[in-house]
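If you want the building blocks of each chain, they are given just below.
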Amino acid sequence: MRLAAVAAHFGRDVPRALDKMAGIVADAREAGVDLLVFPDATLGGYLADLRSPDPNALPPAFAEDSTEVGRVVAMAGAMVVCFGYTEETLVDGELRHHNAALCVTGDGILGRHRKVHQPAGESLVYAAGDAFEAFDTPVGRMGMLIDYDKTFPESARTLALDGAQVLACLSAWPASVTDRASRLPQDRQSRLFDLYDSARAAENQVVWVSSNQTGVMGGLRFLGQAKVVGPGGDVLARTWSKGALAVAEVDVALEIARSRRILHHLQELTPGSYRSGGTP
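Let me sum up the structure you'll find in this document. (Residues numbered from 1 in each chain as written. Predicted model: local features only at pLDDT ≥ 70, side-chain atom pairs only at ≥ 80, totals over all residues. Heavy atoms only, no water.)

**Some details on unusual backbone geometry**
What counts is decided by this rule: Counting from the N terminus, the helices are the DSSP runs of H or I reaching at least four residues and the strands are the DSSP runs of E reaching at least two. In this scheme, a residue with accessible area under 20% of its type's maximum is buried, one over 50% is exposed, and one in between is partly exposed, where area comes from a 1.4 Å probe on protein chains only.
The residue Ala41 is not glycine, and still its phi comes out positive at about 60°. Position of Ala41 relative to the elements: it lies in the loop between β2 (35–37) and β3 (61–62). Its relative accessible area of 5% is what places Ala41 among the buried residues.

**Remarks on the nonpolar core**
The criterion, for reference: Here the nonpolar core consists of buried residues drawn from Ala, Val, Leu, Ile, Met, Phe, Trp, Tyr and Cys, with membership extended through side-chain atoms lying within 4.5 Å. Contacts: residue pairs with any heavy atoms within 4.5 Å of one another.
Formed by 28 residues in total, the largest nonpolar core has its most connected members in Met21, Leu36, Phe38 and Phe83. Put simply, the parts of the chain that give this core at least two residues each are β1 (2–8), α1 (14–30), α2 (67–76), β4 (80–91) and β5 (94–105). Here the element with the most residues in this core is α1; it accounts for 7 residues. Excluding residues that lie within four positions of it along the chain, Phe83 makes contacts with Met21, Phe38, Pro39, Thr42, Leu43, Val69, Val72, Ala100, Ala101, Leu102, Val104 and Leu170. Ala5, Cys103, Val139 and Val228 belong to the second largest nonpolar core, which has 27 residues in total.

**Focus: the side chain of Gln189**
Within the element layout of this structure, Gln189 appears in helix α4 (residues 188–204). In contact with Gln189, not counting residues within four places along its chain, are Trp173, Pro174, Ala175, Ser176 and Leu223.

**Looking at the packing of aromatic side chains**
The line we're drawing: Paired rings are identified among Phe, Tyr and Trp, the last through its six-membered ring, by centres lying within 6.5 Å, and are further divided according to the angle between planes into stacked (under 30 degrees), edge-to-face (over 60) and tilted (the rest). A ring is considered to have a charge above it if a Lys NZ or an Arg CZ atom is located within 6 Å of its centre and within 35 degrees of its normal.
In this structure the tally under the stated criterion is 6 aromatic pairs. Measuring from ring centre to ring centre gives 6.2 Å for Tyr46 and Phe222, while their planes differ by 70°; the resulting arrangement is edge-to-face. Taken together, the residues span a long stretch of sequence, with Tyr46 in the loop between β2 and β3 and Phe222 in the loop between β12 (220–221) and β13 (227–229) at a distance of 176 residues. Of the residues examined, Phe222 reaches a relative accessible area of 2% and is grouped as buried. Taken together, Trp173, Phe193 and Tyr196 form an aromatic cluster joined through their ring pairs. Across the ring face of Phe193, the terminal group of Lys150 is positioned such that the distance to the ring centre comes to 3.3 Å. Between the NZ or CZ atom of Arg238 and the centre of the ring of Trp240, over which it lies, the distance is 4.0 Å.

**A closer look at the packing of α1 against α2**
Where we set the bar: Helix axes are fitted to C-alpha atoms over the stretch in contact, other axes to C-alpha atoms as well, and angles between N-to-C directions run from 0 to 180 degrees. Here is the rule for angles: anything less than 35 degrees is roughly parallel, anything more than 145 is roughly antiparallel, 65 through 115 is roughly perpendicular, and the remaining ranges are oblique. Crossing handedness follows the turn of the near helix against the far one: under a right angle anticlockwise gives a left-handed crossing, and clockwise gives a right-handed one. Put simply, Ala, Val, Leu, Ile, Met, Phe, Trp, Tyr, Cys and Pro go in the nonpolar bin, Asp, Glu, Lys and Arg in the charged bin, and everything else, Gly too, in the polar bin.
Contact pair α1 / α2: the axes reach a minimum separation of 10 Å and the direction vectors enclose 15°. With respect to α2, the axis of α1 lies roughly parallel. Taken as a pair, α1 and α2 cross one another with a handedness that is right-handed. On α2, the residues touching Val14, Leu18, Asp19, Met21, Ala22, Val25 and Arg29 of α1 are Glu68, Arg71, Val72, Met75 and Ala76. Its residues placed into classes, the contact of α1 with α2 shows 8 nonpolar, no polar and 4 charged.

Shape is all these values report; function is a separate question.
Listed below in structure tokens is the structure:
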């Protein structure tokens, strides 16, 4: 099957974002893509400031049954499409927002994820999710993470143990805001972004599809660096800092079986030896 990760800029203009998504979906369909992973915050863009988000300039929020989400479902058709958005829910009469992702086809929603791990000031804007759950799709069993989630090995490991063979990580991952480099490839966050992608794929022996925003939002400069990574940690296709599509043709079941033929990490875990539930 063909797997594709999107590197592109999506801002506050939602109609423009939907038109841009439709164009990318059409190009991917022409290229024979089966799974297309858009970045975090595809609908409405990400925060403009991680440390002190402006409450008057937040991304627009949408219910799961909104017209905007419905348009993405309709454009997906037979393709499996993952995308990020700000989800709005009503809990006990109170509006709550999540940094969230949906996985859809033209038949509807296949899976959903709310970002669990929150950096810096994100918790001032979003409620945290509390679970990582795999789900079945036409391209096999999958799981999703949202950018900072991939910093924590337990996130991807939970999904792999739940049977996911393809993990989609949707990001709005910026360059360092405290130690800026003159060139993105030299940026500390750029190196970490790539390191986590390969490490999470290799340690779980899964196929990893990593998307990311590009361009600038407020004080944040996003890295791009979308990629598809094989179960050995090898990068099969990637973009750089500009908008582009990373496309790789992968026999997922075959590659995973090959990587686990001698060393099967999930079967060789020794949970009794690991500390869990504690704090440093």
